[in-house]
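# Coordinate analysis (summary)
If you want the building blocks of each chain, they are given just below.
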Amino acid sequence: MPVHDCACDESSGQALVKKKAVLEEQKQVCKFWINSGGKHCPLGGRCGFIHVPQEKVAEVRKVWLAERLAKRLENATLDWEDPTPMSQKAPHALRAEVFADWLLETFGGPEALSMGSGVYDIAGGGGQLSLDLIDRGVAKCTVVDSRPFKVGFGLKKWIKKQRRKHQGFKEGESITNETEENDIDNMDDTALLADLPFKYKQQYFTPESVTDEIRAASLLVGLHPDQATGAIVETAIACNLPFAVIPCCVFRDDFSDRYLKNGNPVATTMDLVEWIKEKKSPGQVQTRFLNFQGKNLVVYFLGER
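Worth saying up front: this structure is predicted, and the values here are computed from it rather than measured. All chains use their own residue numbering, which begins from 1 and follows the written sequence. For this predicted model, a pLDDT threshold of at least 70 governs which residues receive local features, and a threshold of 80 or more governs which side-chain atom pairs are given and counted, while totals over whole chains, interfaces and linings are taken from all residues. Note that water and hydrogens are dropped before the side-chain values are worked out from all heavy atoms of the structure.

## Some details on the overall build of the protein
Assigned secondary structure in the protein consists of 11 helices and seven strands. Counting over 305 residues, the protein shows a buried share of 40%. Working rule for contacts: check all heavy atoms of both residues, and any pair within 4.5 Å makes them a contact. In the protein, of all internal contacts separated by at least 6 residues, the share reaching a separation of at least 24 is 63%. Carbon and sulfur atoms form 51% of the exposed surface of the protein, whose accessible area is close to 17600 Å². Helical segments are the DSSP runs of H or I of at least four residues, strand segments are the runs of E of at least two, and each set is numbered from the N terminus. Only protein chains enter the accessibility calculation, which uses a 1.4 Å probe. A residue is then buried if its area is under 20% of the maximum for its type, exposed if over 50%, and partly exposed in between. Only the protein chains shown count as cover for residues, and all accessible areas are computed by the Shrake-Rupley method using a 1.4 Å probe.

Following this line, the structure appears as structure tokens:
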């Protein structure tokens, strides 16, 4: 019979008790208090939640954040069943990279996606998906978004990298001209438009806004395109173009006229997926779960063959 180390058992037991205490405490913890490092709560002494001692804030906050992340991932897919647990998927922050890889694999690679006027990335925000497609060899991408263009950290990093190449720096070589690096960080977003590897069009995307350039696109895509989801699908079908969208929110109040063929209103993400599939003959619109956390179900149409 194996002999157990009593000291080890005692130590493990103490650790378990400590962890349970932290978990119990963080359930009622004041989020303002722990997010300020134990320095501030707008309600002060009137707050009904626990203000843990400052020396315990870091430990309690770590557990609190982990539980919030787990709950968010669980809630993100309550209305469908992805066969792969979210914990085994790539982080949500890598969703554009995962989607870009899948698009290339599914729609014929860089050459096919570069045909015509290229890929139209609808509600593409800062252009991360288009940037990832271009880095993988797609020659032409256009981002369409209703908001003024904002250059994020990732795109600024890309612009710096391209400028280094043009100046003759090799990959990994130290940079001596830090002034220009700082200038890029401080430049107005509009001043960097000329450095973008993709086109950017600020407009609301609707089926009525279709141009000849859009009709010549190789693919219409939307990564969590919010209210533009239906417009992408309807435009693609009207122009006989392939599409791929990853729906997120339903916006039921904005689209109260959407109903499934069975008469039920479109109320959940899976209802929205079904509504998209019903736009074509059975089997033409397909779905697939992608390898990133969160809303990761792509709904796509390969086009008429």
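Structure shown, so let's carry the discussion forward.
## What to know about unusual backbone geometry
The backbone of A123 sits at a positive phi, close to 55°, despite the residue not being glycine. Positionally, A123 belongs in the loop between β1 (119-122) and α6 (128-135). Despite not being glycine, F251 shows a phi value in the positive range, around 55°. Among the structural elements, F251 can be located in the loop between β5 (243-246) and α11 (269-277). With relative accessibility at 25%, the residue F251 sits in the partly exposed group.

## Remarks on the side chain of T235
Mapped onto the elements, T235 comes out in helix α10 (residues 229-238). Think of a polar contact as two N or O atoms within 3.5 Å of one another; within protein, one of them needs to be a possible hydrogen donor and the other a possible acceptor, and neighboring residues in sequence only count if both atoms come from side chains. A distance of 2.7 Å separates the side chain of T235 from the backbone oxygen of A231, its partner in a polar contact. The residues touching T235, leaving out its near neighbours within four places in the chain, are F205, T206, P207, V210, I214 and L220.

## As for α11
Buried residues of α11: T269, L272, V273, W275 and I276, and no others. Angular distribution of buried residues about the axis of α11 spans 160°; they occupy a single face of the element. Close packing links the buried residues of α11 with α10, β5, β6 (285-289) and β7 (297-301). This arc describes the spread of directions from the helix axis toward the C-beta atoms.

## Quick word on α10
Within α10, seven of the 10 residues are buried, which leaves the element mostly enclosed by the surrounding structure. Among all positions in α10, only T229, G230, A231, I232, V233, T235 and A236 are buried. In this structure, the buried side of α10 is in contact with β1, α9 (212-215), β4 (219-223), β5 and α11. N240 occupies a position one or two residues after α10 and carries a positive phi of about 55°.

## With respect to the sheet that holds strand β3 (residues 199-202)
The pairing of strands in a sheet happens through backbone hydrogen bonds and is either parallel or antiparallel. Strands qualify as paired when DSSP identifies two bridges or more between them. Taking strand neighbours across the sheet as the criterion, the seven strands line up as β3-β2-β1-β4-β5-β7-β6 in an open arrangement whose pairing is mixed. Unpaired on one side and paired on the other, β3 and β6 mark the two borders of the sheet. When the angles between neighbouring strand axes are averaged without regard to direction, this sheet yields 20°. Pairing analysis gives three bridges linking β5 to β7, with the strands arranged antiparallel. The residue of β7 that forms the bridge with F243 is F301. Under this scheme, a helix contributes an axis fitted over its contacting stretch, all axes are lines through C-alpha atoms, and angles between N-to-C directions fall in the 0 to 180 degree range.

## Details of the pattern of salt bridges
A pair can form between side chains of opposite charge whenever their charged atoms are brought close. Criterion for a salt bridge: a side-chain nitrogen of Lys or Arg within 4 Å of a carboxyl oxygen of Asp or Glu. What the rule picks out here adds up to nine salt bridges. When the shortest N-O distance is used, the salt bridge between D132 and R136 registers 3.9 Å. For E213, the salt bridge is made with K199, and the minimal N-O distance between the two is 2.8 Å. Placement of the pair is E213 in helix α9 and K199 in strand β3, with a sequence separation of 14 residues. A residue is classified by how much of its surface remains accessible, and E213, at 26% relative accessible area, is partly exposed. Taken together, the salt bridges that share partners define one network made up of E97, D101, D132 and R136.

## Considerations on the nonpolar core
What makes a nonpolar core is a set of buried Ala, Val, Leu, Ile, Met, Phe, Trp, Tyr and Cys residues whose side-chain atoms join them at distances within 4.5 Å. Grouped together as the largest cluster of nonpolar side chains are 37 residues, with contacts concentrated most on F99, W102, L103, L129, L133, L155 and A244. When contributions to this core are tallied by element, the ones reaching two or more residues are α4 (95-106), α6, β2 (141-145), α7 (153-166), β4, β5 and β7. Top element by residues in this core is α4. It accounts for seven residues. Sequence-distant contacts of F99, defined by excluding residues within four places in its chain, comprise L129, G222, L223, A244, I246, L290 and V298. Core analysis: the second largest hydrophobic core is formed by 28 residues, A231, L241, L260 and V273 among them.

## Some details on the packing of α4 against α6
The geometry of α4 relative to α6 is characterised by a closest axis approach of 9 Å and an angle of 50° between their N-to-C directions. The pairing of α4 with α6 is recorded here as oblique in orientation. Along this stretch, α4 crosses α6, giving a crossing that reads as right-handed. The segment α4 lies against α6, with A96, E97, F99, A100, L103 and L104 engaging Q128, L129, D132 and L133. Residues are sorted three ways: Asp, Glu, Lys and Arg are charged, Ala, Val, Leu, Ile, Met, Phe, Trp, Tyr, Cys and Pro are nonpolar, and all the rest, Gly among them, are polar. Of the residues belonging to the contact of α4 with α6, the class tally is seven nonpolar, one polar and two charged. Working definition: roughly parallel below 35 degrees, roughly antiparallel above 145 degrees, roughly perpendicular at 65 to 115 degrees, and oblique for all remaining angles. Left-handed is the label given to a crossing in which the near helix is rotated counterclockwise from the far helix by less than a right angle, and right-handed is the label when the rotation is clockwise.

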